[in-house]
Amino acid sequence: VVYNSYDDVKSDRRFGYSQSFTVPSNGVLDFAVGIVDIEGTNTVYFGVYKDANLTQEVEEDFVTGKGSTKERYIAIPSAGTYYLGVKSVGTSSSLAAVGVVAGAIFYNGADRTISSGQTIAVGQKKAQTNYFQFKAPYTGYLQTAGDSSASSYKVTLCNSSKKALSGANYLSYNPTYGVTKGKTYYIKVVSSVNTKGAYTFKVTSKKITEKSGKKKSKAVTVKKKKTKKGTIQAGSAQDDWYKFKLTKSQKVKISLTTGSNDALKVIVYKGGKKIGTRTIYRNSKGYVRSLGKWPKGTYYIQMKRANKKSSGYYTLKWQ
């Protein structure tokens, strides 16, 4: 309960209640206040302050009327000690008494380490940029995801020196990258104004066991109707090579599933001649199909990134 007298009103002195709290970083405080009882006044001011006397505000708001509530997302600029505060302003010569209920949650807005399968809440009200550190537990792929409030945010995979390995892609696309066991990466998230005050961010990493050739002369044989899996690593120009043999002329369909931040490309060769190609964007499926029958002989499949900023994983099968 906070009180005011008529003299306090005339001299513009506000009385209230404050409670200190300490945060480890910048972030956002979700602060809600409700008025449960009123006598002599109709308004309660609340917010975050730099002092116990509630005179140096970080952000302040107000709620009016018994039974009323209001929620405010308050940007906390840096680590340190602050004060939650509620205070009233009297409106008559009689004593003003106001009963309130209040609650607050702090969302960390700082850079931090994130691991596979982990979902974090990121405090973010104004536009900001974060770098989340990730160490790949195995060779495979890394996929990012966020809630609907972060759908337009842009994500970039960076190396351990925070140099970009990919282009910037919308988080709503769930960008996917090829990563190498033991390597440290930074996931850069560039965010815009967020009226919710926070967003959730998640990374998922999956292991891919791959056996492929690293050049055409070392291409690995793919048996009919057998699936091969592989990754195109972020920041690497390495391609993957496979081959299959037709003992007679027949129709052929090479089916692919991919996950990438941009696009992966498949090229099919008969000897040194390119006979089919397909670019598959982001997390989708595609195929290369013969027009009529292909003659007997040995065919080569090249899996590669569509541009120097692409990476991800794939599965392929021919039949």
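Scroll up a little and you will see the structure.
Nothing here was measured: the structure is a model prediction, and the numbers come from that model.

Engineer: Can you walk me through the sheet that holds strand β11 (residues 140-146) in this structure?
Structural biologist: Sheets are built from strands paired through backbone hydrogen bonds, the pairs being either parallel or antiparallel. The four strands lie next to each other as β9-β16-β11-β14, forming an open sheet whose pairing is antiparallel. The strands lining the two open edges of the sheet, one partner per strand, are β9 (119-123) and β14 (176-179). For this sheet, the mean angle separating the axes of adjacent strands, direction not counted, is 25 degrees. Note that β11 and β14 share four bridges and pair antiparallel. Residue Leu142 lies in a different strand from β14, and its bridge partner there is Tyr177.

Engineer: Quick question: what am I supposed to make of the nonpolar core here?
Structural biologist: As a rule of thumb, soluble globular proteins bury nonpolar side chains together. Core analysis: the largest hydrophobic core is formed by 22 residues, its most contacted members being Phe132, Leu157, Ile187, Val189, Tyr199 and Phe201. Looking at this core, the elements with two or more residues in it are β9, β10 (128-135), β12 (154-158), β14, β15 (184-191) and β16 (198-207). Filtering out sequence-adjacent residues up to four positions away, Phe132 remains in contact with Ala110, Asp111, Arg112, Ile114, Ile120, Val122, Tyr185, Tyr186, Ile187, Val189, Tyr199 and Phe201. Within the second largest apolar cluster, 21 residues are counted, among which are Ile232, Val266, Ile280 and Tyr314.

Engineer: Would you explain unusual backbone geometry in this entry?
Structural biologist: Comment: phi is negative for the bulk of residues other than glycine, and the bulk of peptide bonds are trans. With a phi close to 60 degrees, Leu54 is a non-glycine residue in the positive phi region. Structurally, Leu54 is set in the loop between β4 (43-49) and β5 (57-64). Even without being glycine, Lys225 reaches a positive phi, approximately 70 degrees. Here Lys225 lies in the loop between β17 (220-221) and β18 (228-232). By relative accessible area, Lys225 is classed as exposed at 58%.

Conventions adopted
Residues numbered from 1 in each chain as written. Predicted model: local features only at pLDDT ≥ 70, side-chain atom pairs only at ≥ 80, totals over all residues. Heavy atoms only, no water. Pairing = 2+ DSSP bridges. Helix = DSSP H or I, 4+ residues; strand = E, 2+ residues; numbered from the N terminus. Axes fitted to C-alpha atoms, helices over the stretch in contact; angles between N-to-C directions. Core = buried A, V, L, I, M, F, W, Y, C linked by side-chain atoms within 4.5 Å. Buried < 20%, exposed > 50% of the residue type's maximum accessible area, 1.4 Å probe, protein only. Contact = heavy atoms within 4.5 Å.

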